[in-house]
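Single-letter residue listing:
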Amino acid sequence: MHVALGGTFDPVHDGHLALFERAFELGDVTVGLTSDELAPKTRHVDRYVRPFEDRKADLEAELEPLAEEHGREFEVRQLDVPTGIATEPGFDVLIVSPETREGGEKVNEIREDRGLKPLQIEVVDHLPAEDGERISSTRIVMGEIDRHGNLTPDREGRGRTPPSADE
């Protein structure tokens, strides 16, 4: 089976690792990583997102051991539109989180319009942080939690704007 999933993954956290784990359980994986242009448009909260190449390097470092553990292959591709790579032929499964399930259904509508078989949609639940709220990249960036969901009240986040050149 060939599995697709997509996101900004900035930073990668335990919730993302749950998505990746499920994807590798099912097959070889292609991850659509939002482009620098698309990333801000997919955010629910206005915040700084690191450049594509930095996010891609970090993502590949997270995916390599999981792929090896499961004996799978993976590829990271640039995602320029929200429905992205999953509307292309060659995929069998789409991994989504609860809030992106609707997007998965939209992908299947596009696939059917193109004469492609609909994807099996696998929903992976959110992981709770220490406070019971969900782990999210935004919460990590804002300094509320670390990538594992531990509360970090004394940590400053990276904020909503890019670092200045003199930092």
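Since we're looking at a predicted model, the values are computed, not measured. By convention here, each chain's residues receive numbers from 1 onward along its written sequence. Restriction of local features to residues with pLDDT of at least 70 applies here, the model being predicted, together with a cutoff of 80 or more for giving and counting side-chain atom pairs; totals for whole chains, interfaces and linings are based on all residues. Excluding hydrogens and water, the side-chain figures rest on all heavy atoms present in the structure.

> In this structure, what is going on with the overall build of the protein? I would like to understand it.
What counts as a helix is a DSSP run of H or I of at least four residues, what counts as a strand is a run of E of at least two, and both are numbered from the N terminus. Regarding its fold elements, the protein presents 4 helices and 5 strands. Secondary structure of the protein in N-to-C order comes out as β-α-β-α-β-β-α-β-α. Within the protein, the proportion of its 167 residues that are buried is 41%. Measuring between centres, the 20 positive side-chain charges of the protein sit 4 Å from its 38 negative side-chain charges. A 1.4 Å probe rolled over the protein chains alone gives each residue an accessible area, and that area as a share of the maximum for its type sets the label: buried under 20%, exposed over 50%, partly exposed in between. Charged residues are defined narrowly, with Lys and Arg counted positive, Asp and Glu counted negative, and His plus the chain ends left uncounted. Every charge is mapped to an atom, namely NZ of Lys, CZ of Arg, CG of Asp or CD of Glu.

> What is the right way to look at the packing of helix H1 (residues 14-26) against helix H2 (residues 52-70) in this model?
Helix-helix packing is characterised by the crossing angle of the two axes and by the distance between the axes. With their axes 10 Å apart at the nearest point, H1 and H2 run at an angle of 35 degrees to one another. As H1 runs across H2, the sense of the crossing is right-handed. Every residue of H2 that contacts H1 at Leu17, Phe20, Glu21, Phe24 and Glu25 is listed here: Leu59, Glu62, Leu63, Leu66, Ala67, Glu69 and His70. Looking at the contact of H1 with H2, its residues break down into 7 nonpolar, 1 polar and 4 charged. Orientation is described by axes fitted as lines to C-alpha atoms, over the contacting stretch for helices, and by angles from 0 to 180 degrees between their N-to-C directions. The crossing is said to be left-handed when, going from far helix to near helix, the turn is anticlockwise and less than a right angle, and right-handed when the turn is clockwise. When checking whether two residues touch, look at their non-hydrogen atoms; a contact exists if any pair is within 4.5 Å. For this classification, Asp, Glu, Lys and Arg are treated as charged, while Ala, Val, Leu, Ile, Met, Phe, Trp, Tyr, Cys and Pro are nonpolar and the rest, including Gly, are polar.

> Would you mind going over the pairing of strand E1 (residues 2-7) with me for this structure?
Remark: a regular strand shows side chains that alternate across the two faces of the sheet. Two strands pair under a simple rule: DSSP has to find at least two bridges between them. Across 6 bridges, E1 lies against strand E2 (residues 28-34) in parallel orientation. If you follow alanine 4 over to E2, its bridge partner there is threonine 30.

> Where do I start with the nonpolar core in this structure?
What tends to happen in soluble globular proteins is that the nonpolar side chains get buried as a cluster. Counting 21 residues, the largest nonpolar core has Leu5, Phe9, Phe20, Val31, Leu59 and Ile95 as the members making the most contacts within it. Secondary structure elements with two or more residues in this core: E1, H1, E2, H2 and strand E4 (93-96). Contact partners of valine 31, with chain neighbours within four places excluded, come to Leu5, Phe9, Leu59, Leu63, Glu75, Val76, Arg77 and Ile85. Counting 8 residues, the second largest nonpolar core, distinct from the first, contains Ala4, Leu94, Val96 and Val107. Take the buried residues of types Ala, Val, Leu, Ile, Met, Phe, Trp, Tyr and Cys, join any two whose side-chain atoms come within 4.5 Å, and each joined set is a nonpolar core.

> I keep staring at the packing of aromatic side chains and nothing clicks. Help me out?
Given two aromatic rings, their pairing is described by the distance between the two centres and the angle made by the two planes. For Phe, Tyr and Trp, rings pair up if their centres lie within 6.5 Å, where Trp contributes its six-membered ring, and each pair is then called stacked (planes under 30 degrees apart), edge-to-face (over 60) or tilted (otherwise). A complete count under the given rule lists 2 aromatic pairs for this structure. Note on phenylalanine 9 and phenylalanine 20: the rings are 5.2 Å apart at their centroids and 55 degrees apart in plane angle, and the pair reads as tilted. With phenylalanine 9 in the loop between E1 and H1 and phenylalanine 20 in helix H1, the pair connects residues that are 11 residues apart, well separated along the chain. Phenylalanine 20 shares its class with phenylalanine 9; the two are buried. On the numbers, 6.4 Å between centres and 85 degrees between planes, the contact of phenylalanine 24 with phenylalanine 74 is edge-to-face. Of this pair, phenylalanine 24 sits in helix H1 while phenylalanine 74 sits in strand E3 (residues 74-79), and the two are 50 residues apart along the sequence. Phenylalanine 24 gets classed as buried once you look at its relative accessible area, which sits at 1%.

> Whenever I open this one, the sheet that holds E1 confuses me. Can you help?
In a beta sheet, neighbouring strands are held together by backbone hydrogen bonds and run either parallel or antiparallel to one another. Within the open sheet, the 5 strands sit side by side as E3-E2-E1-E4-E5. Their pairing is parallel. Each end of this open sheet is capped by a strand with a single partner; those strands are E3 and strand E5 (120-123). Adjacent strand axes in the sheet meet at a mean angle of 25 degrees, parallel and antiparallel pairs treated alike.

> Help me understand the pattern of salt bridges in this model?
Opposite charge on two side chains makes pairing possible when the charged atoms of those side chains draw close. Definition used for salt bridges: Asp or Glu carboxyl oxygen within 4 Å of a side-chain nitrogen of Lys or Arg. Scanning the model with the defined rule gives 11 salt bridges in all. Salt-bridge contacts for aspartate 36 lead to arginine 55; the nearest nitrogen and oxygen are separated by 3.4 Å. One end of the pair, aspartate 36, is in the loop between E2 and H2; the other, arginine 55, is in helix H2, and 19 residues separate them in sequence. Judged by relative accessible area, aspartate 36 falls into the partly exposed class, the value being 39%. A relative accessible area of 0% places arginine 55 in the buried class. The salt bridge partner of arginine 139 is aspartate 131, with a shortest N-O separation of 2.5 Å. Using a relative accessible area of 36% as the deciding quantity, one classes aspartate 131 as partly exposed. Each of Asp10, Arg50 and Asp58 takes part in salt bridges that share partners, so that together they form one network.

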